[in-house]
Amino acid sequence: MKKFSANSVACGDILITALAPVIWGSTYIVTTQFLPPDRPFTAALIRVLPAGILLLLMTRCLPQFSAWPRLLLLAALNIGFFQALLFVAAYRLPGGLAAVVGALQPLLMIVLVWVFDQRKPGMPVIFAAITGVLGMAALLLGPGSVWDPVGIAAALSGTACMAVGTYLSRRWNIALPVLAFTGWQLLLGGLILLPLACLFDPPLPVLTPVNIAGYAYLCVIGALFAYVLWFRGVARLPAVAISSLGLFSPLTAVLLGWIFLGQTIRGLSLAGLLMVLLSILAVQWLSKPAAPKK
């Protein structure tokens, strides 16, 4: 039987996990081109709640009683609060500014690992993470960006929620199969979003086939499939390394805008794109555990 090295397995895990933020990067174009406008909480609810129900019907796995408080907190951070804040920021901020704020997640993860795990990061890791933020700024921030305070607060809070949720998901290691672990978070997160959608969003209009296709894509591909890949990676990869993969999300959004919406990438924006890619590669390389000495 063919043997695989630890490095090849790790590279495979990185590539599989990176698919999740790549898929999430399509959210902006799907939302703006396929969904009814001005319904952020409804879009988040339809995205996660049916996906959670489907996964739990497939797995039929209950968590231990002692795991419920932690599971509820993870669902709130990774799904409920994060999705709500994400769509608030998306509706109130230019995509570029929201993406730059989201690029702070690897730096937040570095701080969490440093403070709570007592693992001081090397300067190359910190430099690579900062390079990612600067590259994202060069790629997406324009001179006409609107600094809406509510949008900025939502984007910062959402980024912090995702960073803390990703860190705790790895640290706590709840004893559930990845499909059930993902399903319970999506279900509980959806239940958190339900009252927000009912209270703050207008009712849905009569949905067109295009609207239905958009919601179906966000639910099946953008939530069910992508979150399973993400939480699989959380269990296998270093915390800082997995958080840096989130930079693929705004990169994908930019590339899709260039391909389908005629948005241009040149000059400083192109340099920023290359900086972000180099940052992701550097963090992945520098976060690898040292190979054991023979």
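Enquirer: Looking at this structure, I do not really get the overall build of the protein chain. What am I missing?
Expert: The helix and strand tally for the protein chain stands at 13 helices and zero strands. Ordered by position from the N terminus, the helices and strands of the protein chain form the series α-α-α-α-α-α-α-α-α-α-α-α-α. The 294 residues of the protein chain split such that 49% are buried. Within the protein chain, counting contacts between residues at least 6 apart in sequence, those at least 24 apart form 91% of the total. Total accessible area on the protein chain stands at roughly 14700 Å², and carbon and sulfur atoms take up 73% of it.

Enquirer: What should I look at first to understand the side chain of S169 in this one?
Expert: Tracing the sequence through the fold places S169 in helix 8 (residues 149-172). The residues contacting S169, other than those within four sequence positions of it, are L74, N78, F181, F231 and V234.

Enquirer: Can you help me understand the packing of helix 8 against helix 10 (residues 209-236) in this one?
Expert: When two helices pack together, their arrangement is captured by the angle between the axes and the distance separating the axes. Across the interface, helix 8 lies against helix 10 with an axial gap of 8 Å and an inter-helix angle of 60 degrees. The pairing of helix 8 with helix 10 is recorded here as oblique in orientation. Relative to helix 10, the crossing made by helix 8 is right-handed. For the pair helix 8 and helix 10, the contacting residues are M162, T166, S169 and R170 in the first and W230, F231, V234, A235 and R236 in the second.

Reading the values: rules and limits
Residues numbered from 1 in each chain as written. Predicted model: local features only at pLDDT ≥ 70, side-chain atom pairs only at ≥ 80, totals over all residues. Heavy atoms only, no water. Helix = DSSP H or I, 4+ residues; strand = E, 2+ residues; numbered from the N terminus. Buried < 20%, exposed > 50% of the residue type's maximum accessible area, 1.4 Å probe, protein only. Contact = heavy atoms within 4.5 Å. Areas by Shrake-Rupley, 256 points an atom, 1.4 Å probe, with all protein chains shown as cover. Axes fitted to C-alpha atoms, helices over the stretch in contact; angles between N-to-C directions. Parallel < 35°, antiparallel > 145°, perpendicular 65-115°, else oblique. Left-handed = near helix turned anticlockwise from the far one by under 90°.

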